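Here is what each chain is made of, one letter per residue.
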Amino acid sequence: MNDVHFRGPNVMITGTPGTGKTTLSKELAQETCLNLINIGDLAKENNFYCEYDSELQSYELDEDKVIDEIDDSMKEGGNVVDYHGCDFFPERWFDAVFVLRTDNTVLYERLEKRNYSERKIQENVQCEIMRVILDEALDSYKPEIVYELKSDTPDQMEQNLTTIKNWIQQWKSEHRHI
């Protein structure tokens, strides 16, 4: 059973790195007055890491510390959570999980612009090809709360913002009693 989110819905924006999660999450939080929780920033600010993987040029997240840190906010509701993984968060936290998907060529170019190593680019493109994040979401949450959104072009990104804002409005109209 989900927690009663009296401050609004909890929405997750997830997807492979480079799909536009952070841009969309920032705009969504700003336009809906929901609280933005960027898990990458939270981990950096609080040093929520276990170890560093030099080959992949990334830190391993201490998931337990992240969950402990944001649990109270998530129980209250009204949050947009931005992270490239979704399978370790408690299912009860989210009212909707939006998985951004991007064409492999577009994704490759975006990651190249970030100066990712060739190995890191290839791993993320493979992750996208294999639908790893989408499958994680479908395995971790009820399928009826998981939404797949294409995120290749600025027009699609704008449509995604509108789609999620409309979903939030619908959620609020159905939960006026809270």
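Residues numbered from 1 in each chain as written. Predicted model: local features only at pLDDT ≥ 70, side-chain atom pairs only at ≥ 80, totals over all residues. Heavy atoms only, no water.

A. Main features of the packing of aromatic side chains. For the structure on display, the rule yields 10 aromatic pairs. Pairing tyrosine 83 with phenylalanine 88 gives two aromatic rings, centres 6.1 Å apart and planes at 85 degrees, and the pair type is edge-to-face. The residues tyrosine 83 and phenylalanine 88 share a single accessibility class, namely buried. A centroid spacing of 6.4 Å and a plane angle of 75 degrees characterise the contact between tryptophan 93 and phenylalanine 94, whose relative ring orientation is edge-to-face. Assessed through its relative accessible area of 0%, phenylalanine 94 is described here as buried. The structure contains a cluster of three or more aromatic residues connected by ring pairs, namely Tyr83, Phe88, Phe89, Trp93, Phe94 and Tyr141. Between lysine 120 and the ring centre of tyrosine 116, over which it is positioned, the NZ or CZ distance is 4.5 Å. (Phe/Tyr/Trp six-rings, centres within 6.5 Å; stacked < 30°, edge-to-face > 60°. Buried < 20%, exposed > 50% of the residue type's maximum accessible area, 1.4 Å probe, protein only. Lys NZ or Arg CZ within 6 Å of the ring centre and 35° of its normal.)

B. Quick look at the pattern of salt bridges. Tallying each qualifying case throughout the model produces 9 salt bridges. With a closest N to O distance of 4.0 Å, lysine 65 and aspartate 62 form a salt bridge. (Salt bridge = Lys/Arg side-chain N within 4 Å of Asp/Glu carboxyl O.)

C. The nonpolar core, seen in detail. One finds Ile39, Val66, Ile70, Phe89, Phe94 and Val97 to be the most contacted residues of the largest nonpolar core, which totals 28 residues. For this core, the secondary-structure elements that each account for two or more residues are helix 2 (39–46), helix 3 (63–76), strand 6 (96–101) and helix 6 (132–140). A per-element tally of this core places helix 3 first, with 4 residues. Counting 15 residues, the second largest nonpolar core, distinct from the first, contains Leu24, Val80, Trp167 and Ile168. (Core = buried A, V, L, I, M, F, W, Y, C linked by side-chain atoms within 4.5 Å. Helix = DSSP H or I, 4+ residues; strand = E, 2+ residues; numbered from the N terminus.)

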